[in-house]
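# Topology and contacts: notes
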Amino acid sequence: MEAEVGPRRYDSLRRTTQALETRAEIARAARRLFVERGWAATTVRDVAREAGVSVPTVYSVYGNKTGLTRALADAADLSADPSRQLADLEAPGTDPARQLAAMAAFDRRLYERAGDVITLLREAGRVEPELATVYRDGRRRADETRTAVFSSWPAGALRPGLDVPAAVDVYAGMCSIDVYTTLTAERGWSPDRVERWWSEALARELLS
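Residues numbered from 1 in each chain as written. Predicted model: local features only at pLDDT ≥ 70, side-chain atom pairs only at ≥ 80, totals over all residues. Heavy atoms only, no water.

### Some words on the packing of helix α8 (residues 129-151) against helix α9 (residues 164-174)
At a closest axis distance of 9 Å, the pairing of α8 and α9 adopts a crossing angle of 130°. One finds that α8 runs oblique with respect to α9. Judged by the twist between their axes, the crossing of α8 over α9 is right-handed. The segment α8 lies against α9, with Asp143, Arg146, Thr147, Phe150 and Ser151 engaging Val164, Ala167, Val168, Tyr171 and Ala172. When the residues that make up the contact of α8 with α9 are grouped by side-chain class, the tally is 6 nonpolar, 2 polar and 2 charged. (Axes fitted to C-alpha atoms, helices over the stretch in contact; angles between N-to-C directions. Helix = DSSP H or I, 4+ residues; strand = E, 2+ residues; numbered from the N terminus. Parallel < 35°, antiparallel > 145°, perpendicular 65-115°, else oblique. Left-handed = near helix turned anticlockwise from the far one by under 90°. Contact = heavy atoms within 4.5 Å. Nonpolar A, V, L, I, M, F, W, Y, C, P; charged D, E, K, R; others polar.)

### Quick notes on the packing of aromatic side chains
Per the stated rule, a full pass over the model turns up 6 aromatic pairs. For the ring pair Tyr111 and Trp198, a centre distance of 6.0 Å and an interplane angle of 75° mean the geometry is edge-to-face. Highlighted residues: Tyr111 in helix α7 (residues 96-124) and Trp198 in helix α11 (residues 191-206), separated in sequence by 87 residues. Judged by its relative accessible area of 5%, Tyr111 is buried. Here Trp189 and Trp197 contribute two aromatic rings whose centre-to-centre distance is 6.0 Å and whose plane-to-plane angle is 90°, an arrangement assigned as edge-to-face. Accessibility expressed as a relative area gives 30% for Trp197, which makes it partly exposed. Taken together through their ring pairs, the aromatic side chains of Tyr111, Tyr180 and Trp198 make up a single cluster. Cation over ring: Lys65 sits above Trp39, and NZ or CZ is 4.0 Å from the ring centre. (Phe/Tyr/Trp six-rings, centres within 6.5 Å; stacked < 30°, edge-to-face > 60°. Buried < 20%, exposed > 50% of the residue type's maximum accessible area, 1.4 Å probe, protein only. Lys NZ or Arg CZ within 6 Å of the ring centre and 35° of its normal.)

Structure follows, in structure tokens:
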């Protein structure tokens, strides 16, 4: 009996690792197919075939296609490293201009690493109300972050005539997935250039 303890002691870890790998492979397959074919044209069976697993496995892991897409949305937010943004926003001596730069950097990372998922959510939301809610929730959280940051600035930091809600609107209009895609995919800008332009333009438009 003693001899069996060694080989079997990591069975639980092995099973957990295999389960995580299966989840990740399903998610990667879904992302590929959703982006290539569109959300509505992709079935759970398609995802299972692409991932090399059974249809029941997809359902047991993610529930349904909507649950799978919601998981992709959560992963998209994490891919942009929100902890890094928080650390940059709270760093000692950080002024409004540097905070705007930190926020622009976060949005650049989000769109660069997961812009396809954001576009997918917006597309899927046209036919699936629950995913429309996921997309709106993501935009709402972004607005809440901007509102919190802008509200923390000292009086007079915002450009004269501009209040916090209007500043949030200006930011959202400038730093959107559509602007990022136009500049990188159509105009040939690098992500670094977009981030620099956002930082400089936001400071000009928002700060006194």
